[in-house]
Amino acid sequence: MKIRGAGGTSGGIGQFLLGVLMAGAGLYMFMSRVSVMSSFRTLFGVGHFGLILIPLGIGVAFLFFNGRSIIGWLLTIGCLGAVLLNVISNLRFFFMPTNLFVTIAMISLIFIGFGMILRSLRDYGPAAEPKPYAVLSDPGVELPGQSAITSDESETRS
């Protein structure tokens, strides 16, 4: 059985691993500079989003009364989804100050790493290389859109 490279192609497994390492290092450096915060004041929004807890309580009450209540399950799952969506939508992301060189290094590592990963998924075998056009000085070779000219015919044409 022939050993295949990254993605089942004859591409380089070393290049793939180096790309994963570079992209991972760049993503780690970038994400370590991002600060995520929220406040309890905005947790339930300015528009009294806390009122969603009332239907949640009603849904839980329906489920305690009858565990197979479709209305109870819909209210409970719907309200929990709405609360989760509200918490996520009120998160604030801040990129902590850093110098330009480090920012360029982080972004470069990420994109070079992903580029190397994608490049390693290409075939590198002899069949994967494009065939070059015939050299013009080679008589008898048919070029695209032309018929082959032998050396005898080329002397008679000139």
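Treat the numbers as computed from the prediction; the structure is a model and nothing was measured.

A. Local environment of the overall build of the protein. From N to C terminus, the protein includes 6 helices and 2 strands. Across the protein, helices and strands are ordered from the amino to the carboxyl terminus as α-β-α-α-α-β-α-α. In the protein, buried positions account for 18% of the 158 residues. A separation of at least 24 residues holds for 71% of the contacts in the protein among residues at least 6 apart in sequence. Carbon together with sulfur atoms contributes 71% to the accessible area of the protein, which is approximately 12,100 Å² in total.

B. Spotlight on the environment of S120. Note on placement: S120 falls in helix α5 (residues 100-120). As for S120 and L18, which are separated by 102 residues in sequence, their C-alpha atoms are 9.9 Å apart. Within the structure, the side chain of S120 is placed 2.7 Å from the backbone oxygen of I117, a separation counted as a polar contact.

C. Quick look at helix α1 (residues 13-31). With 19 residues, α1 extends 27 Å between its outermost C-alpha atoms, agreeing within 8% with the 27 Å of an ideal straight helix rising 1.5 Å per residue. The complete set of buried residues in α1 reads G19, M22, A23 and G26. Viewed along the axis of α1, the buried residues span an arc of 95°, placing them on a single side of the element. α1 presents L17, L21, Y28 and M31 as exposed residues on the side facing more than 90 degrees away from its buried surface. On the buried face of α1, the contacting elements are α5.

D. Focus on the environment of V102. Mapped onto the secondary structure, V102 falls in helix α5. Classification of V102 as partly exposed rests on a relative accessible area of 27%. Expressed as a C-alpha distance, the spacing of V102 and F30, which sit 72 residues apart in the sequence, is 9.3 Å.

E. Spotlight on helix α4 (residues 70-89). Spanning 20 residues, α4 covers 28 Å between terminal C-alpha atoms, matching the ideal 28 Å at 1.5 Å per step. For α4, the complete set of buried residues consists of G72, T76, C79, V83 and N86. Angularly, the buried residues of α4 cover 100° about the axis, an arc narrow enough to put them on a single face. In α4, the exposed residues that point more than 90 degrees away from the buried face are I70, L74, I77, L84, L85, I88 and S89. For α4, the capping residue at the N-terminal end is S69, with a side-chain oxygen 3.1 Å from the backbone nitrogen of G72.

Rules of the game
- Residues numbered from 1 in each chain as written.
- Predicted model: local features only at pLDDT ≥ 70, side-chain atom pairs only at ≥ 80, totals over all residues.
- Heavy atoms only, no water.
- Helix = DSSP H or I, 4+ residues; strand = E, 2+ residues; numbered from the N terminus.
- Buried < 20%, exposed > 50% of the residue type's maximum accessible area, 1.4 Å probe, protein only.
- Contact = heavy atoms within 4.5 Å.
- Areas by Shrake-Rupley, 256 points an atom, 1.4 Å probe, with all protein chains shown as cover.
- Polar contact = N/O pair within 3.5 Å; in protein donor to acceptor, adjacent residues only side chain to side chain.
- Expected span 1.5 Å × (residues − 1).
- Arc of directions from axis to C-beta.

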